[in-house]
Amino acid sequence: MRVRRRGRRQGLNLCGLALVAGALMPAGPGLGQEPPEVTEAGRARGEMLYQAHCGRCHGMLGQGGEGPSLTRPTLPRAPDHASMVGVIRRGIPGTGMPGTRGNLLPDLEVELVAAHVLSLGEGTAVEIAGDAARGSQLFSAAGDCYSCHVVDGRGAGIGPELTGIGLQRGVDYLDAALRTPEAELPVSRRGILRGFRGYLPIRAVTRDGRVITGMRVNEDDFTIQLRSISGRTVSLRKEDLVQLEKQLDHSLMPAVENMTESDIDDLVAYLAALGEGS
């Protein structure tokens with residue numbers, strides 16, 4: 001059974017920028033090389049900065065949301081302080097994780113945020129409800145999720161690949177995405193085509209009355225290509241269409257209305273475990 005960890009919540013102490021330098025006492029020869037010793041004021045400010053800049057995606061307590069949970073003993077991309085500083089500063093290309101520009105967070109504040117994030121892996125383990133093994137069976141049988149999603153090379157790539165989804169989304173987000181798919185749609189940041197916007201549902205009506213629905217694969221000024229639920233790719237000329245509806249607030253994924261609470265818990269447990277072995 002996979003578990004997630006609840007980070008320790010620090011009391012807020014709003015210290016001014018002038019106190020930041022005094023909040024860090026580096027243990028090594030340079031910032032970012034060795035884990036610095038952080039004062040109480042530094043921990044409080046690191047938490048405040050994290051909540052202001054990172055909490056929307058990763059959760060105020062670090063337990064994940066649209067972004068992954070940070071309450072792990074070891075984070076795959078940032079197992080130590082130096083690598084965490086690098087991830088915060090540079091971001092992760094090709095994902096929704098942006099880097100911090102120098103004028104957004106000075107180096108000393110990045111150090112404090114990094115120290116706070118790494119502290120989130122400490123604390124009491126919280127068990128995730130659900131049976132991941134049974135969730136795997138539901139995924140391939142009752143849910144028929146392989147008809148749209150790929151996991152470890154198996155399935156159809158109509159919807160997002162889920163091979164490592166447990167390292168990309170929080171448990172609460174996964175639960176909500178199953179119950180109300182259209183309400184939990186990732187957003188696009190800094191021009192990156194990602195999340196839901198990379199899988200935009202389209203409804204097209206041709207001049208002869210045909211209605212074609214599917215996921216947008218590509219589009220230019222004159223044509224649009226769709227992939228239907230059956231996996232067939234269709235190319236349409238826009239001049240042959242009388243209606244082209246981009247359903248920005250819609251998801252082609254069905255909600256789990258006919259599943260029991262136990263079924264949903266099991267599916268969430270399975271999805272949350274995907275990527276744990278990578």
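Caption draft 1: Here's a closer look at the packing of helix H7 (residues 171–179) against helix H8 (residues 261–273). Viewed as axis vectors pointing N to C, H7 and H8 meet at an angle of 130 degrees, and their least axial separation amounts to 10 Å. Our classification of the angle between H7 and H8 gives oblique. H8 is crossed by H7, and the crossing has right-handed handedness. Residues Val171, Leu174, Asp175, Leu178 and Arg179 of H7 form the contact with H8, whose participating residues are Glu261, Ile264, Leu267, Val268, Leu271 and Ala272. For the contact of H7 with H8, the per-class residue count stands at eight nonpolar, no polar and three charged.

Caption draft 2: Examining the packing of aromatic side chains more closely. In the structure shown here, the tally under the stated rule is two aromatic pairs. Here Phe139 and Tyr270 contribute two aromatic rings whose centre-to-centre distance is 5.3 Å and whose plane-to-plane angle is 55 degrees, an arrangement assigned as tilted. Here Phe139, found in helix H6 (residues 132–140), pairs with Tyr270, found in helix H8; they are 131 residues apart in sequence, far enough to count as distant. Take Phe139 and Tyr270: they sit in the same class, and that class is buried. In textbook terms, an aromatic cluster arises when at least three aromatic residues are bridged by ring pairs, as seen for Phe139, Tyr146 and Tyr270.

The rules behind the values
Residues numbered from 1 in each chain as written. Predicted model: local features only at pLDDT ≥ 70, side-chain atom pairs only at ≥ 80, totals over all residues. Heavy atoms only, no water. Axes fitted to C-alpha atoms, helices over the stretch in contact; angles between N-to-C directions. Helix = DSSP H or I, 4+ residues; strand = E, 2+ residues; numbered from the N terminus. Parallel < 35°, antiparallel > 145°, perpendicular 65-115°, else oblique. Left-handed = near helix turned anticlockwise from the far one by under 90°. Contact = heavy atoms within 4.5 Å. Nonpolar A, V, L, I, M, F, W, Y, C, P; charged D, E, K, R; others polar. Phe/Tyr/Trp six-rings, centres within 6.5 Å; stacked < 30°, edge-to-face > 60°. Buried < 20%, exposed > 50% of the residue type's maximum accessible area, 1.4 Å probe, protein only.

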